[in-house]
Amino acid sequence: LRVYLDKAGTRVFMDIADDGPGMREEDKEKIFQPYFSTKKGGTGLGLAIANKIVTEHSGYIRVKDNSPRGTIFTVEMPVKSFNL
């Protein structure tokens with residue numbers, strides 16, 4: 001987990017990284033769609049709900065490879081969303 005601000009201090013970034021097998025490129029395009037899951041017993045709702053909440057707070061969730069292995073999810077939010 002890594003948390004940091006942009007230079008202006010107006011946006012906060014949270015990187016959540018793992019060193020697992022990573023994600024297939026074709027799955028990256030679908031992971032935020034409701035009911036899409038790569039797990040046999042998965043509902044496919046977790047990332048769809050998380051993405052909806054973040055978007056409703058003027059933020060973004062992005063996914064990229066974690067070289068040499070794994071995946072990084074970056075959540076970007078405006079600092080004003082945190083009511084500090």
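Up top you'll find the structure we're talking about.
Just so it is clear, the model here is predicted, and its values are computed rather than measured.

S.K.: In this structure, what is going on with the packing of aromatic side chains? I would like to understand it.
M.R.: The description of two aromatic rings rests on the distance between their centres and on the angle between their planes. Applying the stated rule across the entire model yields one aromatic pair. Their ring planes at 10° and their centres at 5.2 Å tell us that Y4 and F13 sit as a pair that is stacked. The positively charged end of R2 is found above the aromatic ring belonging to Y4, 4.1 Å away from the centroid.

S.K.: I tried to follow the nonpolar core on my own but got confused; where do I start?
M.R.: A general feature of soluble globular proteins is that nonpolar side chains tend to end up buried together. Counting seven residues, the largest nonpolar core consists of V12, I31, V54, I61, F73, V75 and M77. In terms of residue count, strand β4 (residues 71-78) provides more of this core than any other element does, three residues in total. If near-sequence neighbours (up to four positions away) are discounted, I61 is found in contact with F32, A50, N51, V54, F73, T74 and V75.

S.K.: What am I meant to see in the sheet that holds strand β1 (residues 2-5) here?
M.R.: Whether parallel or antiparallel, the strands of a sheet pair through hydrogen bonds between backbone atoms. Strand order in this open sheet of four strands is β1-β2-β4-β3, and the pairing throughout is antiparallel. Both outer strands of the open sheet, β1 and β3 (60-65), are each paired with one neighbouring strand and no more. Averaged over all pairs of adjacent strands, the angle between strand axes in this sheet comes to 20°, irrespective of strand direction. For strand β2 (residues 11-17) and β4, the ladder comprises seven bridges, and the chain directions are antiparallel. When the bridges of β4 are listed, V12 appears paired with M77.

S.K.: Would you take a moment to explain unusual backbone geometry for this structure?
M.R.: Negative phi characterises most residues that are not glycine, and trans characterises most peptide bonds. Here the residue pair S67 and P68 is connected by a cis peptide bond, since its omega of 10° sits within 30 degrees of zero. Considering the arrangement of structural elements, one finds P68 in the loop between β3 and β4. Positive phi, normally seen in glycine, also occurs at Y35, with a value near 75°. Examined against the element boundaries, Y35 turns out to sit in the loop between α1 (25-28) and α2 (46-56). Positive phi, close to 65°, is recorded for S58, a residue that is not glycine. With respect to the helices and strands, S58 occurs in the loop between α2 and β3.

S.K.: What am I meant to see in the pattern of salt bridges here?
M.R.: Under the definition given, this model contains eight salt bridges. Note that R2 is salt-bridged to D15, the shortest N-O span being 3.7 Å. Placement of the pair is R2 in strand β1 and D15 in strand β2, with a sequence separation of 13 residues. Since its relative accessible area comes to 11%, D15 is described here as buried. Across the pair K28 and D65 runs a salt bridge whose closest N-O atoms are separated by 2.5 Å. A residue pair is termed long-range when its members are at least 10 positions apart, and K28 in helix α1 and D65 in strand β3 qualify at 37 residues. Overall, the relative accessible area of 13% leaves K28 in the buried class. Among the charged side chains, a salt-bridge network with shared partners connects R11, R62 and E76.

What counts and what doesn't
Residues numbered from 1 in each chain as written. Predicted model: local features only at pLDDT ≥ 70, side-chain atom pairs only at ≥ 80, totals over all residues. Heavy atoms only, no water. Phe/Tyr/Trp six-rings, centres within 6.5 Å; stacked < 30°, edge-to-face > 60°. Lys NZ or Arg CZ within 6 Å of the ring centre and 35° of its normal. Core = buried A, V, L, I, M, F, W, Y, C linked by side-chain atoms within 4.5 Å. Buried < 20%, exposed > 50% of the residue type's maximum accessible area, 1.4 Å probe, protein only. Helix = DSSP H or I, 4+ residues; strand = E, 2+ residues; numbered from the N terminus. Contact = heavy atoms within 4.5 Å. Pairing = 2+ DSSP bridges. Axes fitted to C-alpha atoms, helices over the stretch in contact; angles between N-to-C directions. Salt bridge = Lys/Arg side-chain N within 4 Å of Asp/Glu carboxyl O.

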